[in-house]
Amino acid sequence: NDMLHWQRTGFHFQPPRNWMNDPNGPVFYKGWYHLFYQYNRDAAVWGNITWGHAASRDLVHWLHLPVAMVPDQWYDANGVWTGSATVLPDGGLVMVYTGSANSTVQVQCVAVPADPNDALLLHWRKHPSNPVLLPPPSVLPHDFRDPTTAWVDPSDPSAYLLAIGSKNDTGDRHAGVAYVYSTRDFLSYRLLPGALHTVNGTGMWECVDFFPVSVDGARIGLDTSERAGDGVKHVLKASLDDDRHDYYAIGTYVAEENRWVPDDGEMDVGVGLRYDWGKFYAAKTFYDQNKKRRVLWGWVGEADSERADVSKGWASLMSIPRTVGFDTKTGRNLVFWPVEEVEFLRTTRYDFSGVTVEPGSIVPLSMPTAAQVDIEAQFELDSAAVDAAVDAEIGYNCRTSDGAAGRGLLGPFGLLVLADSVLSERTAAYFYVSRSADGTLRTHFCQDETRSSHASDTVKRVVGYTVPVLDGETLSVRILVDHSIVESFAQGGRSAITSRVYPTQAFNRAKVFLFNNATSAHVKAKSLRIWEMDSTFNHYYRQEAVQI
Ligand code: DQQ
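Rules used throughout
- Residues numbered from 1 in each chain as written.
- Predicted model: local features only at pLDDT ≥ 70, side-chain atom pairs only at ≥ 80, totals over all residues.
- Helix = DSSP H or I, 4+ residues; strand = E, 2+ residues; numbered from the N terminus.
- Rg over C-alpha atoms; globule rule 2.2 N^0.38 Å.
- Buried ≥ 20, exposed ≤ 12 C-beta atoms within 10 Å, placed from the backbone.
- Contact = placed C-beta atoms within 7 Å.
- Near = placed C-beta within 6 Å.
- Nonpolar A, V, L, I, M, F, W, Y, C, P; charged D, E, K, R; others polar.
- Pairing = 2+ DSSP bridges.
- Axes fitted to C-alpha atoms, helices over the stretch in contact; angles between N-to-C directions.
- Domains from an automatic or database assignment.
- Core = buried A, V, L, I, M, F, W, Y, C linked by C-beta atoms within 7 Å.

Some thoughts on the overall build of the protein
Moving on, step 1. When you go through the protein residue by residue, the secondary structure sums to four helices and 39 strands.
Moving on, step 2. The globule rule puts the C-alpha radius of gyration for 548 residues at 24 Å, and the 23 Å found for the protein is close to it.
Moving on, step 3. Looking at the 548 residues of the protein, the share that counts as buried comes to 52%.
Moving on, step 4. Look at the contacts in the protein between residues 6 or more apart in sequence, and 63% of them connect residues 24 or more apart.

What follows is the structure, given as structure tokens:
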């Protein structure tokens, strides 16, 4: 029906139909961005996993291509699972992926372009030596998957290293772990002693990613083989199968000892920072040699029921591609920001800058329709209220709070999107300023899905976390709204939150409001601009058309 159809997005990547999960082997090759993804051709639920495939000139408009790989060998009969691309020095390309041989055995396999001159990379050749890598005796054979992009071994330029996630259950460790293998030809591999990193209690590490970042801000992205050293640190990311979030930490890579050490042991992988505080998993970066940036893709699943997915005929989206960089201002986190190409989709602009929102009030923002919008807002709290904030409560927590309906001295305030005119449905992206035990102010950035839909079969939560705000900074947020997805980036991307929401009333006449539920603070939208967003009208590859 209309409502289910409306939930499909206008400018996010999603397959034409059926189920999708992890991004696979993202890469820039011969002028095209390629995105492969875990794909079930047969249904809107997970199963019979192939590699779906699409290509783009600009990361925004996509050409849907035929599936790249299907389970047609004994070693991937249960699914062609997640893998990564490595660009070789001669410009060649190799994919290393996990073959699910059966429900209990995972092996690593290699595929190369059947025709390296084909910029669309339509056909893939699985190597006759597959599987090239079997689980080591120390791990369970079903806990060994998702090889990373390979990087050049700093101590032996003729060798590559790559990491594979696993789990170590000896004793009661329940430790996530990343093993490193050395290879010269991608066909034979040697396990390096020890592990790149392991963290007790974090369980199976899926979709490990490992990449360098420029910490002096000199460069926005680094090639995966860039060496550690002056101005270069390494990020380790793991997707925790246990709690379905992507965790990262920044640290030092000591290649000659095959280990990586987090800068801050208390904020280790799996316990500290997340790529995104909402629905976002199995993410993967690639180095875009075209624009010299590192780009992140994440799988954004559904929060509705499987039954709803089956009637829609599709499930899951890809996040907006995000550039990833080191936050030189805080020195302790990454920043994520929609790739600049997203801004090309902006059409009509509405400017609401200067609007002030009284405590306990809501201001409608008048525009024709807001199902597909890009919002940029900067907020100022009145200083008298902030000075009085010694009374602000201690220890706010987005997850256990009353969300946008709560009331505190300095929050919540922010925007309500995908709202109907009487606000019976709305999704809130908001700030909440509280006090920490030492008396200093703490800013939380949260998203409240609890009133996003009248539907009862969807998961609705309040999600989010504290976001660093430095002296003199205003509170700022960018929000991408696209039918059933709300993706927010606070403080220049120090914190990101993605929600999936399914309005039943707001659909087709979605509105935006400013709200301020603080009890004492006036909030001024110092600047507030909203752009309507074009749809990307993706195309479908037809072999006949190309052959003519
Ligand atoms: N999805 C793939 C696995 C990976 C998981 C299977 C993460 O390779 O560990 O579809 O979502």
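Here the narrative resumes, following the displayed structure.
Examining the site of the ligand
Moving on, step 1. Taken together, Asn21, Asp22, Gln38, Ile49, Trp81, Thr82, Thr98, Arg145, Asp146, Glu206, Cys207 and Ala282 make up the full set of residues adjacent to the ligand.
Moving on, step 2. Taken together, the residues of the shell around the ligand break down into four nonpolar, four polar and four charged.

So, the sheet that holds strand 31 (residues 427–435)
Moving on, step 1. Across the sheet, which stays open at both edges, the six strands sit in the order 28-37-30-31-32-33 with antiparallel pairing between neighbours. Edge positions in the sheet fall to strand 28 (361–365) and strand 33 (462–466), since each has one partner strand and no second. Recorded for the sheet is a direction-independent mean angle of 15 degrees between the axes of neighbouring strands.

A look at the domain arrangement of the protein
Moving on, step 1. According to the domain assignment, the protein contains domain 1 (25–338) and domain 2 (346–533).
Moving on, step 2. The centre of domain 1, based on its C-alpha atoms, is set 32 Å off from the matching centre of domain 2.
Moving on, step 3. Counting from both sides, the interface comprises 23 residues of domain 1 and, opposite them, 23 residues of domain 2.
Moving on, step 4. For the side of domain 1 that touches domain 2, the leading source of residues is strand 25 (residues 334–338), giving four residues.
Moving on, step 5. Class assignment for the residues of the side of domain 1 that touches domain 2 results in 12 nonpolar, five polar and six charged.

As for the environment of Val357
Moving on, step 1. Along the chain, the position of Val357 falls in strand 27 (residues 356–357).
Moving on, step 2. According to the C-beta neighbour criterion, Val357 is buried, with 22 such atoms within 10 Å.
Moving on, step 3. Linking Val357 and Leu514, residues 157 residues apart in sequence, is a C-alpha distance of 7.3 Å.
Moving on, step 4. Beyond its immediate chain neighbours, meaning those up to four positions away, Val357 contacts Val363, Phe413, Leu514, Phe515, Asn516 and Val523.

Thoughts on the sheet that holds strand 6 (residues 93–102)
Moving on, step 1. Strand order in the open sheet formed by four strands is 5-6-7-8, with antiparallel pairing between adjacent strands. Because the sheet does not close on itself, it has two edges, and the strands there are strand 5 (80–87) and strand 8 (124–126). Averaged over all pairs of adjacent strands, the angle between strand axes in this sheet comes to 30 degrees, irrespective of strand direction.
Moving on, step 2. Taken together, the seven bridges between strand 6 and strand 7 (residues 105–113) define a ladder with antiparallel strand orientation.

Here we look at the nonpolar core
Moving on, step 1. Judged by nonpolar contacts, the single largest core of 161 residues is most densely connected at Ala163, Ala178, Tyr248, Leu415, Val417, Ile479 and Val512.
Moving on, step 2. The dominant element in this core, judged by the number of residues it contributes, is strand 30 (residues 410–419), at seven residues.
Moving on, step 3. Both domains that furnish three or more residues to this core are identified here as domain 1 (25–338) and domain 2 (346–533).
Moving on, step 4. Those residues in contact with Tyr248 that lie beyond four places of it in its chain are Val235, Leu236, Lys237, Val269, Leu273, Tyr275 and Leu334.

Concerning the environment of Tyr432
Moving on, step 1. Topologically, Tyr432 is positioned in strand 31.
Moving on, step 2. A sequence separation of 34 residues divides Tyr432 from Cys398, and the C-alpha atoms of the two residues are 8.6 Å apart.
Moving on, step 3. Non-local contacts of Tyr432, meaning those with residues more than four positions away in its chain, are made with Tyr396, Gly408, Gly411, Pro412, His444 and Cys446.

Let's talk about unusual backbone geometry
Residues other than glycine predominantly adopt negative phi, and peptide bonds predominantly adopt the trans conformation.
Moving on, step 1. Going from Asn130 to Pro131, the amide bond is cis rather than trans, its omega being -10 degrees.
Moving on, step 2. Assignment of secondary structure puts Pro131 in the loop between strand 8 and strand 9 (144–145).
Moving on, step 3. Along the chain, Gly411 connects to Pro412 via a cis peptide bond; the corresponding omega equals 5 degrees.
Moving on, step 4. You can see Pro412 is positioned in strand 30.
Moving on, step 5. Positioned with a positive phi, Ser316 is a non-glycine residue whose angle comes to about 85 degrees.

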